[in-house]
Amino acid sequence: MTTAIETEHLTFRNGYFTLRDLNLTIPKGKVTAIVGPNGSGKSTLLHLITKLLKQTSGDVRVENMSTAKLATKSLAKRLAMMPQCKQSLPSMTVKELVSFGRAPYQKWYQTGASNGDRDIVDWALQVTNTKKHANRMFDTLSGGEQQKVRIALALAQQSPILLLDEPTTYLDIAHQLEMMDMLKSMNKRFGLTIVMVLHELQQAAAYCDHLVALKEGHIAATGQPQQVLTARFLKEVYHIDAKVVFSEGYPLIIPLTQSYCHLEAVKTI
Ligand SMILES: Nc1ncnc2c1ncn2[C@@H]1O[C@H](COP(=O)(O)OP(=O)(O)OP(=O)(O)O)[C@@H](O)[C@H]1O
């Protein structure tokens, strides 16, 4: 198996949270989901890979190159990142915004996009089905429409590795499936390595070749979805009792009991 991204003893501390000694391999040309409870460190891991955060110790390698040795533009040609939607974007038209994806390829003296850049922006708008919004101001779009434009912005970077932090947020079920199908077809047609933070475990298992589960800043499990996604895993990582049934390759998580301990505590105040 060739690797797209590797972390070696990756550790990050910020006073509130510690990501501990992560030794991780993300396979090249595959779709990987990073899952885990809220606050387990998923976004922090993506930020360390993209150098938006600096690790306390350890190393990150992208296509066998230590990111410490890669300048921002070189790293941006190797990987594109769509951050979580809580990060705001500047007020401009959709087309202008998606054009920013071409920035790593532009010279400092270049004014405006080249014909090649315009074609790629057009392609990114088409595959995400957002071309109809090209001339609208980004901040006038609905949450779901904005989410697709964010994905178009990352695709316009045309890097072999795509990192997406919760790409299906705000999308209704039909648009979630459309987006996951589109990403899967990008992976199959162009050999794109895709790494997605996902909360929807059933979709993660159905669409991804590889799962990485984090819990409290460490790796709780890695492997193929059918190996990782078990009743024991759900108990250990999410503290829920549920059974997992794979039907035609699609996993179904059926909760057995639900603990309402927080509500019980409220009642006794
Ligand atoms: N800027 C920050 N300053 C201090 N602590 C932070 C900062 N950003 C995140 N954290 C903390 O780091 C921990 C991990 O956060 P992170 O966003 O990586 O988790 P996550 O697994 O992506 O969570 P979620 O599923 O809720 O998005 C959390 O406890 C969070 O409160």
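Quick caveat, the model's predicted, so the values are computed rather than measured. (Residues numbered from 1 in each chain as written. Predicted model: local features only at pLDDT ≥ 70, side-chain atom pairs only at ≥ 80, totals over all residues. Heavy atoms only, no water.)

Considerations on the packing of aromatic side chains
Link 1 in the chain: Counting across every chain of the model gives 2 aromatic pairs.
Link 2 in the chain: Ring centres of W123 and F190 lie 6.3 Å apart, and the angle between their planes is 80 degrees; this geometry places the pair in the edge-to-face category. One end of the pair, W123, is in helix α4 (residues 115–127); the other, F190, is in helix α6 (residues 173–190), with 67 residues separating them in the sequence.
Link 3 in the chain: Judged by its relative accessible area of 24%, W123 is partly exposed.
Link 4 in the chain: Look at F233 and Y238: their rings are 6.1 Å apart centre to centre, the planes differ by 70 degrees, and that puts the pair in the edge-to-face class.
Link 5 in the chain: Assessed through its relative accessible area of 23%, Y238 is described here as partly exposed. (Phe/Tyr/Trp six-rings, centres within 6.5 Å; stacked < 30°, edge-to-face > 60°. Helix = DSSP H or I, 4+ residues; strand = E, 2+ residues; numbered from the N terminus. Buried < 20%, exposed > 50% of the residue type's maximum accessible area, 1.4 Å probe, protein only.)

Side note on a nonpolar patch on the surface
Link 1 in the chain: Taken together, V245, Y250, L252 and I254 make up a surface patch of nonpolar side chains, about 290 Å² in accessible area.
Link 2 in the chain: Structurally, L252 can be placed in strand β12 (residues 250–257). (Patch = residues over 30% accessible without salt bridge, like charges linked within 9 Å, V, L, I, M, F, W, Y side chains within 5 Å. Areas by Shrake-Rupley, 256 points an atom, 1.4 Å probe, with all protein chains shown as cover. Salt bridge = Lys/Arg side-chain N within 4 Å of Asp/Glu carboxyl O.)

Some points on the pairing of strand β7 (residues 161–165)
Link 1 in the chain: A large share of β7 lies buried, amounting to 5 of its 5 residues.
Link 2 in the chain: The alternating pattern of β7 places I161, L163 and D165 and L162 and L164 on opposite faces, both of which are buried.
Link 3 in the chain: Pairing of strand β6 (residues 79–82) with β7, which is carried by 4 bridges, proceeds in the parallel orientation. In the strand pairing of β7, L79 is matched with I161.
Link 4 in the chain: Sheet topology places β7 next to strand β8 (residues 193–197); 5 bridges connect them, and they run parallel. Counterpart to L162 in the pairing with β8 is I194.
Link 5 in the chain: Between β7 and its parallel partner β8, the chain crosses via α6, and the hand of that crossover is right-handed. (Pairing = 2+ DSSP bridges. Right-handed = clockwise from strand over helix to strand, strands pointing away.)

Examining the sheet that holds strand β4 (residues 57–62)
Link 1 in the chain: Spatial ordering of the open sheet is given by β2-β1-β4-β5, a layout of 4 strands whose pairing is antiparallel. Two strands close off the open sheet at either side, each with one partner strand: β2 (18–27) and β5 (65–66).
Link 2 in the chain: The pairing of strand β1 (residues 3–13) with β4 spans 5 bridges and is antiparallel. The residue bridging T11 from the neighbouring strand is S57, located in β4.
Link 3 in the chain: Taken strand by strand, helix α1 (residues 42–49) contacts β1, β2 and β4, and its axis lies near 110 degrees from that of β1. (Contact = heavy atoms within 4.5 Å. Axes fitted to C-alpha atoms, helices over the stretch in contact; angles between N-to-C directions.)

Observations regarding α1
Link 1 in the chain: Of all 8 residues that make up α1, 8 are buried, and the element is covered over most of its length.
Link 2 in the chain: Just beyond α1, the residue with positive phi is K51, at close to 65 degrees.

Quick look at the pairing of β2
Link 1 in the chain: Bridge count between β1 and β2: 7 bridges; the pairing is antiparallel. Each residue of the ladder has a partner; that of E6, found in β2, is T25.

A look at the site of the ligand
Link 1 in the chain: Close to the ligand lie 14 residues; G39, G41, K42, S43 and T44 are nearest.
Link 2 in the chain: In the environment of the ligand, an oxygen atom lies 2.8 Å from a nitrogen or oxygen atom belonging to the backbone of G39.
Link 3 in the chain: Side-chain polar atom of K42 to an oxygen atom of the ligand: 2.7 Å apart, as the coordinates give it.
Link 4 in the chain: About the coverage of the ligand: the protein hides 60% of its 630 Å² of free accessible area.
Link 5 in the chain: Considered class by class, the residues forming the shell around the ligand number 3 nonpolar, 9 polar and 2 charged. (Near = heavy atom within 4 Å. Polar contact = N/O pair within 3.5 Å; in protein donor to acceptor, adjacent residues only side chain to side chain. Nonpolar A, V, L, I, M, F, W, Y, C, P; charged D, E, K, R; others polar.)

Some details on the confidence of the model for the protein chain
Link 1 in the chain: Overall, the predicted model of the protein chain reaches an average pLDDT of 89, with 91% of residues at or above 70.
Link 2 in the chain: As a predicted assembly, this complex carries a pTM of 0.88 together with an ipTM value of 0.96. (pLDDT = per-residue confidence, 0-100.)

A word on the sheet that holds β7
Link 1 in the chain: The 6 strands are arranged β6-β7-β8-β3-β9-β10 in an open sheet whose pairing can be described as mixed. On the outer flanks of this sheet lie β6 and β10 (218–223), each paired with one strand and no other. Strand-to-strand, the axes of this sheet are offset by a mean angle of 15 degrees, without reference to chain direction.
Link 2 in the chain: Both strand β3 (residues 31–35) and strand β9 (residues 210–215) contribute to a ladder of 4 bridges, which runs parallel.

Examining the pattern of salt bridges
Pairs can form between side chains of opposite charge whenever their charged atoms are close.
Link 1 in the chain: With the rule as written, the count across this model stands at 10 salt bridges.
Link 2 in the chain: In this structure, the salt-bridge partner of R102 is D117, at a minimum N-O distance of 2.9 Å. Linking R102 in the loop between α3 (94–99) and α4 with D117 in helix α4, this pair joins segments that are 15 residues apart in sequence.
Link 3 in the chain: Under the relative-accessibility criterion, R102 is labelled buried at 6%.
Link 4 in the chain: Note on D117: relative accessible area 6%, which makes it buried.
Link 5 in the chain: Two residues, E236 and R232, come together in a salt bridge whose shortest N-O distance is 3.0 Å. Of this pair, E236 and R232 both sit in helix α9 (residues 231–238), separated by 4 residues, roughly a single helical turn.
Link 6 in the chain: Since its relative accessible area comes to 63%, R232 is described here as exposed.
Link 7 in the chain: Bridged by salt links that share partners, the residues E6, E8, D59 and R61 form one connected network.

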